[in-house]
Amino acid sequence: MSQGLAIAIKDIKTEFRTKEMVFSMLVFSLFVMVAFYFAFYFYSLSSEALEPLVSPILWVTFFFAGMFGLLTSFSKEKDRGSLEGLMLCPMDRSAIYFGKVLSNYFLILLVDIFALIFFVLFFSYDFNGNLLPVLVVVFLGTFCFVVSGTLISGIAVNAQDIRGVLIPILLIPIILLTVLMPSVNATSKALEGDIIDAIPELRILGVFAVIYIAIAYLLFDFVLEE
Amino acid sequence: MKFDKRLETVILILTVFFVLLSIYTALIYTPEVREEDGWSAPKAQKIFYFHVPAAWVSFLAFGVVFIMSVLYLKNSLRKWDTIAFASAEIGVVFCTLAIVTGPIWGKAEWGVYWRWEDTKLTITFVLWLIFLAYLLLRGGVESENKARLAAVFGIIGFACVPLSFISSRIWQSMHPNVVATSEGSMSSETGIGLLVGVVAFSFLYMFMLRKRIAIQEMASKIEDLKEKIGGI
């Protein structure tokens, strides 16, 4: 675990030296928000009409911005040739996975929080004191997304030419019903103020996070094998 | 070698026989469902004898991909990978058939082509997407890693199906539930029609799988020969 933490800290450190990935993820989530705003511009949505659209808009933004982060998490290492270095370290291969999960989780959560702020700004949305339950769902949903996404990212990085397209193609069908649906549902329920109602979805997310971690723990050695 | 050839002939004969038989049972032998029983399109229901076996073969094929992927990761023999690849391709074809025939019936019976609230439909669709992605992954990765990564994704993809099922159990299913109500509502003729269809499609799957594996093996043999003479 401490080895994983070391890798995560290394990743976050190198990221904050250039900030290029976090910055482009932030700009991207900003663009998605603006795009949504103008897509609904014609209807000049009132706050009641906006209500059912809040959680879909938020999660679509989170997922697409997050996919950007997943894209570079392994490809940077691969292109610099430092992945071999990591693999040569005297530690379990799954430590690399857990390290990547931690750093991706940190960076994507950061982007999620900024996306929430952009959303509030652009749509002049008021959470009415439901922000805390929404944040709980965002933390859990993003975690589920990152544990499955990091594994897929490790697979897709091997496809030299099409890796950019391959991550969404491999990841979306897998998370469609297991992460996206429960997260959106739970966020909608949390926005209505009854987080208790969202417990079945939260439980599903929790269970899937554990299952994906177990699958990754079992299979990640094969992903990195050379 | 001789045994292989004979086995193939037997499978071919059985396939042709059962496919012809299933055309007969589906179109002539099985009774039409009645409108009194709540069916709005009795004629269209005949597609059921084609739709269910196609869906069955696709699930069977994806199950085979899963098992072969596990075996490949265990001892990295190329034959497991070849079988997994062949099975995935055939599975996608049959899954496409099931996904196409479903809406044809749905339009007649429900009045709409597609119902997202239907669990079986949605999950079959997601499964189809997963294995399309599987084939794309195989196309995108260079050869030495291909088999291993595809095996990992094949396992994740197949494991995802029960997970999707759990997460969607909250929705109401509109799909005709064949298995659960078979004692009550399905007549024995319908059961026989369905069984013949499933057997016919399973033999067809076996035949196609063997052919696809043979083609794949030939292709890798050609690759080896090319390498030997120093070609590309």
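Here the structure is shown first, and the text comes after it.
The model shown is predicted, which means the values in this text are computed figures rather than measured ones. (Residues numbered from 1 in each chain as written. Chains lettered and ligands numbered in written order. Predicted model: local features only at pLDDT ≥ 70, side-chain atom pairs only at ≥ 80, totals over all residues. Heavy atoms only, no water.)

J.: Let's hear about the nonpolar core: which residues, and what values?
T.: Within soluble globular proteins, side chains that are nonpolar generally end up buried alongside one another. Residues Phe145(A), Ile155(A), Leu170(A), Tyr212(A), Phe131(B), Phe153(B) and Ile156(B) are the most contacted members of the largest nonpolar core, which totals 120 residues. When near neighbours in sequence (up to four residues on either side) are disregarded, Ile156(B) contacts Leu151(A), Ile152(A), Ile155(A), Ile174(A), Ile215(A) and Leu219(A). (Core = buried A, V, L, I, M, F, W, Y, C linked by side-chain atoms within 4.5 Å. Buried < 20%, exposed > 50% of the residue type's maximum accessible area, 1.4 Å probe, protein only. Contact = heavy atoms within 4.5 Å.)

J.: Which residues make up the packing of aromatic side chains, and what are the values?
T.: Taken as a whole, this structure holds 28 aromatic pairs over all chains when the rule is applied. Ring geometry for Tyr37(A) versus Phe123(A): centroids 5.6 Å apart, planes at 70°, classification edge-to-face. Within this pair, whereas Tyr37(A) is found in helix H2 (residues 20-39), its partner Phe123(A) is found in the loop between helix H6 (93-122) and helix H7 (131-156), the two being separated by 86 residues in sequence. Three or more aromatic residues joined by ring pairs form one cluster here, namely Tyr37(A), Phe38(A), Phe119(A), Phe123(A), Tyr125(A) and Phe127(A). Cation over ring: Lys100(A) sits above Phe74(A), and NZ or CZ is 5.6 Å from the ring centre. The positively charged end of Lys79(B) is found above the aromatic ring belonging to Trp80(B), 4.6 Å away from the centroid. (Phe/Tyr/Trp six-rings, centres within 6.5 Å; stacked < 30°, edge-to-face > 60°. Helix = DSSP H or I, 4+ residues; strand = E, 2+ residues; numbered from the N terminus. Lys NZ or Arg CZ within 6 Å of the ring centre and 35° of its normal.)

J.: Describe the interface of chain A and chain B, listing the residues and the values that go with them.
T.: Contacts between the two partners involve 26 residues from chain A, matched on the other side by 27 residues from chain B. Carbon and sulfur atoms supply 80% of the area buried between chain A and chain B, which totals about 2,500 Å² over both sides. For the pair chain A and chain B, the interface holds one residue pair in polar contact (both at pLDDT 80 or more). Taken together, the elements giving at least two residues each to the side of chain A that touches chain B come down to H7, helix H8 (163-191) and helix H9 (199-224) of chain A. (Buried area = accessible area lost by both parts, 1.4 Å probe. Polar contact = N/O pair within 3.5 Å; in protein donor to acceptor, adjacent residues only side chain to side chain.)

J.: Describe in detail the packing of H8(A) against H9(A), supporting the description with residues and values.
T.: To characterise two packed helices, one gives the angle between the axes of the helices and the distance between these axes. Residue and element names in this part refer to chain A. Put simply, H8 and H9 touch, their axes get as near as 9 Å, and they point 150° apart. Taken together, the axes of H8 and H9 are roughly antiparallel relative to one another. For the crossing formed where H8 meets H9, the hand is left-handed. Contact residues: Ile174, Thr178, Val179, Pro182, Ser183, Asn185, Ala186 and Lys189 in H8; Glu201, Leu202, Ile204, Leu205, Phe208 and Tyr212 in H9. Of the residues that constitute the contact of H8 with H9, the class distribution is nine nonpolar, three polar and two charged. (Axes fitted to C-alpha atoms, helices over the stretch in contact; angles between N-to-C directions. Parallel < 35°, antiparallel > 145°, perpendicular 65-115°, else oblique. Left-handed = near helix turned anticlockwise from the far one by under 90°. Nonpolar A, V, L, I, M, F, W, Y, C, P; charged D, E, K, R; others polar.)

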